[in-house]
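Summary of structural features
Okay, here's what each chain looks like letter by letter:
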Amino acid sequence: MLVFILKRLAIAIPTLLLLIVFSFLLMHAAPGGPFTQERQMPPEVLANLNAKYGLDQPLWQQIWSYIWGIVAHFDFGPSFVYKDRSVNDIIAQGFPVTLTYGGVSFLVAVLAGVTLGAVAAVKHNTIIDYFAVGISIGAQVLPNFVMAPILVIVFTLILGWLPGGGWRFNDPSYWIMPVIALSTSYMASIARIMRSSMLEVLNSNHIRTARAKGLPGYRVIIRHALKPALLPVVSYLGPAFVAMITGSVIVDIYFSTGGIGKAFVDSALNRDYAVMMGVTILVGALTIFFNLFVDIIYGWIDPKIRY
Amino acid sequence: MKLTTALSALALFVAAPAAFAANVPEGTKLAENQTYTFWLLDAIKSLDPQINTDVEGSDIVRNLFEGLYNEDGNGDLVPGVALDHDLSDDGLTYTFHLRPDAEWSDGKPVVAGDFVYAWHRLADPATASEYAWYLQLMQVKNATAIVEGDMPVEDLGIKAIDDHTLEVTIETPLPYFPQMLTHGSTFPVREDVIAEYGSNWTKPENLVGNGAYTLSKHILGERVEMDKSDTYWDADNTVITHLTALTINDVNQGLTRYLAGELDRVDIPAGQYPRLKEQYPDQATSLPFSCTYTYLINLSEKGPEALKDVRVRKALSYAMNRDVVVDNILQGGQKPAYNWTHWATAGFEMPDIDYAHWSQKERMDKAKELLAEAGYGPDNPLELTLNYNSSEDHKKIAIAAQQFYRPLGVNLTLNNMEWKVHTDRMQNQDFDLGRYAWCGDYNEASTYLDFFTSYSGHNQGHFYNDEYDAVMKESKTAEDPQPLYTKAESILNEEMPLIPIYQYAKVSMIAKDIKGLPTQNVMQTWYGKDIYRVAQ
């Protein structure tokens, strides 16, 4: 097991390096740069800017000094667009926000999705099943950019219960709408995966055996069916978790959370090379880590898997 | 000879000494709650006066710092840190007399040296300010050489005679120079604070400003909060005690939150003004705003041959049905544009533009005639592309243009692209027609008209015209430049290097108890210190 983990971590480093180099090159290949403005600057002003941010150096040198800055000082450089801030500042401000609403959304999505999927499978082809499937399909097809404005109109404008946007760590009323908007489609996916995998498990031999030896229905489900049925859900959860805690640009835009999801998309549009690299590396590293984590959980859920 | 406040705009100092600070009419009952919450479309890129480039950033900077002069609700100059100034006979040396009671938020006096440091910093290549060119625009002595790195910053034409006397030398007389001083990039900053905190100096815990407000919170992309500054020289007349700016990236969402009472001012999304005006007549407002929306025509070598024919350019301009754009698409009180300079610009005399008075039918007939003369028509269609950046409004106008041009036999291919790509193409002359908008830096026509000089760095369509250049050069030293500006506009109308489409309006919802926002200032420059909230 330990060897397996070490091996995976050893592969992670070159993977991240490749990710950095590729993203860096792709970004620089896009037309325009961070200082391309509708209002064109005189060439001497542009030259001063390029010199200050090292954009006048050859590309390989820029990549090298960027990577060296991260390795040696854990410094992702200054933002090219938000000039009072470093990339570290921007991530330190935005990531805790998305981590909070993303983390809560994750819990909500998993709990609700697994319950919904499991109940639907157990009550297969009953009205409860149709209802659960209906909810999950409805949640899946309602995009969050439609749901977000509706939520604000209902809960802020009409009912006046919740603040229409913004963010406070100490006031969960600011979290509710972002969590609803973010978690519903994940919940729907989890419910559908859970339902089909549970159905498959319920038809398998060991369940029939368990029933045959006279175990009560709820014990069969909780003790024997739930755990193996979770396996496909778990493999979905690794990447989903990363996607959720690194935020959603839609949630950030509609609820003005100041989260990292908007910063990521903005950095690409603004050609804010440094912020874009910083967030790409964050998402990349988290993805690698949580995929590893999921693989470890596999071993715990499914005794057939051994590393 | 001492020409104290010789310029007409500055004569107001004497005439209306009470026109600054919140001008609350007598008998007004003020509300208990004196806060003002306004909307920002995007995260503030920088609160550093010399680094900021955005209009929204300027709205914040103007409340945290104060320059030599401020603008009042009509856009006229009123004293800021400077009480007044003298101008030398040759029109090149300004001597500003600074108010002795101006203080920074940490209690230290604001001195002439703070301006000298700020301007040096703006010019310094090491600062790499995107607005370094503003010093060049202001014609400050040696600015260009310093920005290019050929001279030390100490040679810039600004020096402190003593703590309260500041002398600025410019290279050519510039009648509107004082107006340019309300721009944030000329505001003073503190050398010791910047030296101590480096690029972190604009964080709330470090920032020292000299404006009417101090920064209490800045969460990127979420909010900016400001409290009234006790050290501001006019704090006694400042009514609003707390300013909050909320970033809401979606205009419709902003409107919903305004209606829910979370904001005091928000922009109205395109097309919604008539409905809101009917529903909330005392809140929906439309005020002229100094920007012009246009399609630039590529006259460079890379541009299509057909567009080098002025008859084709005129036909394209005539066929653009501006009334449809402003009345059916935007619906926010914007005005159709037949010229370049915004109609409400101070002192600007609109030239007599022939086709502005024609009916659209007359324009279409003339357009067809001109195109036929140039050899194009439905039988020999002209193929052109129109580049624009992704946005619902740009798209709607572009689609409308496509329809306007079809009867002429002009096939317009629409090229929608991401903003940076669009900008890059425009600046490399890779376009036929390109969407563009220009906003005035100061309230005077030259901020628009300089754009089309051959030596302007912005002239992306490469319109080069000797007569135009000569007129604009002459305007710099003329006693009254306005007739020359009118002449320059007439040349643009003759040569048509652009298709002017509409002139902007600031279309917003403003809470009915908020008073003191500017109504007559086409720059829409506002100061928190001028606002107050009346009791309902």
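Everything below is about the structure shown above.
This text gives an overview of the structure that appears in the document. None of these values were measured; they are calculated from a predicted model.

Procedures and definitions
- Residues numbered from 1 in each chain as written.
- Chains lettered and ligands numbered in written order.
- Predicted model: local features only at pLDDT ≥ 70, side-chain atom pairs only at ≥ 80, totals over all residues.
- Heavy atoms only, no water.
- Helix = DSSP H or I, 4+ residues; strand = E, 2+ residues; numbered from the N terminus.
- Buried < 20%, exposed > 50% of the residue type's maximum accessible area, 1.4 Å probe, protein only.
- Contact = heavy atoms within 4.5 Å.
- Lys, Arg positive; Asp, Glu negative; His and termini not counted.
- Charge placed at Lys NZ, Arg CZ, Asp CG, Glu CD.
- Pairing = 2+ DSSP bridges.
- Axes fitted to C-alpha atoms, helices over the stretch in contact; angles between N-to-C directions.
- Polar contact = N/O pair within 3.5 Å; in protein donor to acceptor, adjacent residues only side chain to side chain.
- Salt bridge = Lys/Arg side-chain N within 4 Å of Asp/Glu carboxyl O.
- Patch = residues over 30% accessible without salt bridge, like charges linked within 9 Å, V, L, I, M, F, W, Y side chains within 5 Å.
- Areas by Shrake-Rupley, 256 points an atom, 1.4 Å probe, with all protein chains shown as cover.
- Buried area = accessible area lost by both parts, 1.4 Å probe.
- Disulfide = S-S within 2.5 Å.

1. Here we look at the overall build of chain A
- Of the regular secondary structure elements, chain A holds 12 helices and 0 strands.
- Start at the N end of chain A and walk to the C end: the helices and strands fall as α-α-α-α-α-α-α-α-α-α-α-α.
- Principal-axis analysis of the C-alpha atoms gives chain A an extent of 85 × 60 × 35 Å.
- Across the 307 residues in chain A, those meeting the buried criterion constitute 50%.
- Expressed as a percentage of contacts within chain A between residues at least 6 apart in sequence, the contacts between residues at least 24 apart total 73%.
- In chain A, the 20 positive side-chain charges and the 14 negative ones have mean positions that sit 18 Å from each other.

2. Examining the side chain of asparagine 142 of chain B
- On the secondary structure map, asparagine 142 of chain B appears in the loop between α4 (132-137) and α5 (143-147).
- For asparagine 142 of chain B, the residues in contact, after removing those within four places along its chain, are Met151, Asp155, Leu156 and Glu171 of chain B.

3. Observations regarding the sheet that holds strand β7 (residues 165-169) of chain B
All names here are of chain B.
- Taken in spatial order, the 4 strands line up as β4-β5-β7-β6 in an open sheet, and their pairing is antiparallel. Two strands lie at the open edges of the sheet, namely β4 (82-87) and β6 (158-162), each paired on one side alone. Pairs of neighbouring strands in the sheet enclose a mean axial angle of 25°, with direction left out of account.
- Across 5 bridges, the pairing between strand β5 (residues 93-98) and β7 is antiparallel. The partner of threonine 95 across the bridge, within β7, is glutamate 167.

4. Here's the deal with the side chain of threonine 186 of chain B
All names here are of chain B.
- Checked against the element boundaries, threonine 186 lands in the loop between α6 (177-180) and α7 (191-197).
- Under the relative-accessibility criterion, threonine 186 is labelled buried at 1%.
- A distance of 3.1 Å separates a polar atom in the side chain of threonine 186 from the backbone oxygen of leucine 181.
- Beyond its immediate chain neighbours, meaning those up to four positions away, threonine 186 contacts Phe115, Trp119, Tyr134, Met138, Met180 and Leu181.

5. A short note on the pattern of salt bridges
- Summed over the entire model, instances satisfying the criterion amount to 31 salt bridges over all chains.
- Its salt-bridge partner being lysine 262 of chain A, residue aspartate 266 of chain A comes within 2.5 Å of it at the nearest N-O pair. A residue pair is termed a helical-turn pair when its members lie 3 or 4 positions apart in one helix, as aspartate 266 of chain A and lysine 262 of chain A do in helix α11 (residues 260-270) at 4 residues. Note on accessibility: aspartate 266 of chain A and lysine 262 of chain A belong to one class, buried.
- For aspartate 264 of chain B, the salt bridge identified is with arginine 533 of chain B, shortest N-O distance 2.7 Å. Here arginine 533 of chain B lies in strand β19 (residues 532-533) and aspartate 264 of chain B lies in the loop between α8 (251-259) and β11 (265-267), a separation of 269 residues in the sequence.
- The class of aspartate 264 of chain B is buried, set by a relative accessible area of 8%.
- With relative accessibility at 7%, the residue arginine 533 of chain B sits in the buried group.
- Through salt bridges with shared partners, a single network forms among Asp106, Lys108, Arg190 and Asp192 of chain B.

6. Points about a positive patch on the surface
All names here are of chain A.
- Judged by side-chain charge, Lys213, Arg219, Arg223 and Lys227 come together as a positively charged surface patch.
- Looking at the element boundaries, lysine 227 is found in helix α9 (residues 217-245).
- Residue class for lysine 227 comes out partly exposed when judged on its relative accessible area of 36%.

7. A few points about the interface of chain B and chain A
- Contact with chain B, which involves 57 residues of that partner, is made by 50 residues of chain A.
- For the pair chain B and chain A, the summed buried surface comes to about 4400 Å²; carbon and sulfur atoms form 49% of the total.
- Among the residues chain B hides against chain A, the three largest losses belong to Glu130, Leu220 and Lys420 of chain B. Together they make up 16% of the total.
- Linking chain B with chain A are 4 salt bridges, by the criterion used here.
- Note that aspartate 89 of chain A and lysine 203 of chain B form a salt bridge whose closest N and O atoms lie 3.0 Å from each other.
- Inspection of the chain B/chain A interface yields 24 residue pairs in polar contact (both at pLDDT 80 or more).
- Put simply, the parts of the chain that give the side of chain B that touches chain A at least two residues each are α4, α5, β8 (213-219), α8, α14 (419-427) and β16 (433-439) of chain B.
- When residues of the side of chain B that touches chain A are assigned to their parent elements, the largest contribution, 6 residues, is made by α14 of chain B.

8. Points about the state of the cysteines
Residues and elements named next belong to chain B.
- On inspection of all chains with the given rule, the structure shows 1 disulfide over all chains.
- Paired by a disulfide, cysteine 291 and cysteine 439 hold their sulfur atoms 2.1 Å apart. Here the disulfide of cysteine 291 and cysteine 439 is right-handed, its torsion about the S-S bond being about 105°. Of this pair, cysteine 291 sits in strand β12 (residues 284-297) while cysteine 439 sits in strand β16; the two residues are 148 residues apart in sequence, bridging distant segments of the chain.
- For cysteine 291, a relative accessible area of 1% gives the class buried.

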